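Fold and geometry: a report
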Amino acid sequence: MVGLSATRVGRVRDVLARHVDRGALPGAVAVVSRHGDTHIEAVGTMELGGGAPIRAETIFRIASMTKPVVAVAAMILVEECRLRLDDPVDDLLPELAGRRVLVSVDGPLADTVPAARPITLRDLLTFRLGFGMLDDTPAGRPILTAARRLQVGGGPPHPATMPDPDTFLRGLGELPLMYQPGERWLYHTGSDVLGVLIERLTGGPLDAFLAERVFGPLGMVDTGFSV
């Protein structure tokens, strides 16, 4: 069958309802599309315990899905030859030039060696720049304590207290890397740094570039950093 089977798409609603009924989430929307045939299911409410029902046009916080969006923006600039995947980012992000790297991720901040190579755009896109989220085990790792102090660690964003992009980069530049560039995948920080790089290259705010070059052409009129 070329289009969508009513029986099979009906199972989508059953799955969503099961999660809502057991309290895993207040509501959810699923969209299934095949060969121009699109089916939307909306189940539950907008807040735990009741409230307005979830609808197909309900706006959601997409959180970490911002990361692939920012990656798309970077790849637009690669396609235009304004960036190259394996070039160092030192010219645009001098705060990250001449890096030092911890001998041990659990060790003191002063116990470092020189980075084997510069950080590249590819490292930022693949979260292998050498810095990112770690579980705090053992507790009190010096690098994580310092990252929290400078507000360059991972975790949910708090827009009211977040540093501006230049302050964020300066803080990150004060710390050694956790691992050598390219050595290990570490979540989150690469995308933050990538956003700053795009702003500096394009000379404008990241949200403006995303609106003009990504969301606008795709008709994503309800997507942005704020409603």
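The rules behind the values
- Residues numbered from 1 in each chain as written.
- Predicted model: local features only at pLDDT ≥ 70, side-chain atom pairs only at ≥ 80, totals over all residues.
- Heavy atoms only, no water.
- Helix = DSSP H or I, 4+ residues; strand = E, 2+ residues; numbered from the N terminus.
- Contact = heavy atoms within 4.5 Å.
- Areas by Shrake-Rupley, 256 points an atom, 1.4 Å probe, with all protein chains shown as cover.
- Pairing = 2+ DSSP bridges.
- Buried < 20%, exposed > 50% of the residue type's maximum accessible area, 1.4 Å probe, protein only.
- Axes fitted to C-alpha atoms, helices over the stretch in contact; angles between N-to-C directions.
- Left-handed = near helix turned anticlockwise from the far one by under 90°.
- Nonpolar A, V, L, I, M, F, W, Y, C, P; charged D, E, K, R; others polar.
- Parallel < 35°, antiparallel > 145°, perpendicular 65-115°, else oblique.
- Salt bridge = Lys/Arg side-chain N within 4 Å of Asp/Glu carboxyl O.
- Core = buried A, V, L, I, M, F, W, Y, C linked by side-chain atoms within 4.5 Å.

**Here's the deal with the overall build of the protein**
- Looking only at helices and strands, the protein features seven helices and five strands.
- In the protein, the order of α-helices and β-strands from amino to carboxyl end is α-β-β-β-α-β-β-α-α-α-α-α.
- The dimensions of the protein, computed from C-alpha atoms along their principal axes, are 60 × 45 × 35 Å.
- Put simply, of all contacts in the protein between residues at least 6 apart along the chain, 64% involve residues at least 24 apart.
- For the protein, the accessible surface area stands at approximately 13,200 Å², while carbon and sulfur atoms represent 56% of it.

**A short note on the pairing of strand E2 (residues 37–47)**
- By the bridge criterion, eight bridges tie strand E1 (residues 27–34) to E2 in an arrangement that is antiparallel. What sits directly across from Ala30, in E2, is Glu41.
- In sequence, E1 turns back onto E2 through a hairpin of two residues, with His35 there showing a positive phi of about 50°.

**Observations concerning unusual backbone geometry**
- Phi angles above zero are rare outside glycine, and Cys81 is one such case at about 65°.
- When you line up the elements, Cys81 lands in the loop between helix H2 (66–79) and strand E4 (100–102).
- Accessibility expressed as a relative area gives 55% for Cys81, which makes it exposed.
- Of note in the backbone geometry, Phe127 takes a positive phi value of approximately 60° without being a glycine.
- By the secondary structure assignment, Phe127 is in the loop between helix H3 (121–125) and helix H4 (142–150).
- Phe127 gets classed as buried once you look at its relative accessible area, which sits at 12%.

**With respect to the packing of H2 against helix H6 (residues 189–202)**
- For the pair H2 and H6, interaxial distance at closest approach is 10 Å and the crossing angle is 35°. You can see that H2 and H6 cross each other, and the crossing is left-handed. Along its contact with H2, which presents Lys67, Val70, Ala71, Ala73, Ala74 and Leu77, the element H6 presents Ser191, Leu194, Gly195, Ile198, Leu201 and Thr202.
- Looking at the contact of H2 with H6 residue by residue, the classes come out as eight nonpolar, three polar and one charged.

**Regarding the packing of H2 against helix H7 (residues 206–218)**
- It is the contact of H2 with H7, at a shortest axis distance of 10 Å, that shows an interaxial angle of 75°. The angle between H2 and H7 falls in the class roughly perpendicular. Residues Val69, Val70, Val72, Ala73, Ile76 and Leu77 of H2 form the contact with H7, whose participating residues are Leu206, Phe209, Leu210, Arg213, Val214 and Phe215.
- Split into classes, the residues belonging to the contact of H2 with H7 amount to eleven nonpolar, no polar and one charged.

**Focus: the pattern of salt bridges**
- In total, this model carries nine salt bridges according to the counting rule given.
- The shortest N-O distance in the salt bridge between Arg117 and Asp123 comes to 2.7 Å.
- Residue classification places Arg117 among the partly exposed positions, given a relative accessible area of 34%.
- In the salt-bridge network here, residues are joined through shared partners; they are Glu80, Arg82 and Arg213.

**As for the nonpolar core**
- Within the largest apolar cluster, 43 residues are counted, with the highest numbers of intra-cluster contacts made by Leu93, Leu124, Phe131 and Ile198.
- Elements with a minimum of two residues in this core: H2, E4, H3, H4, helix H5 (165–174), H6 and H7.
- It is H2 that provides the largest number of residues to this core, a total of seven residues.
- Counting five residues, the second-largest nonpolar core is a separate cluster that includes Val20, Ala28, Ala30 and Val43.

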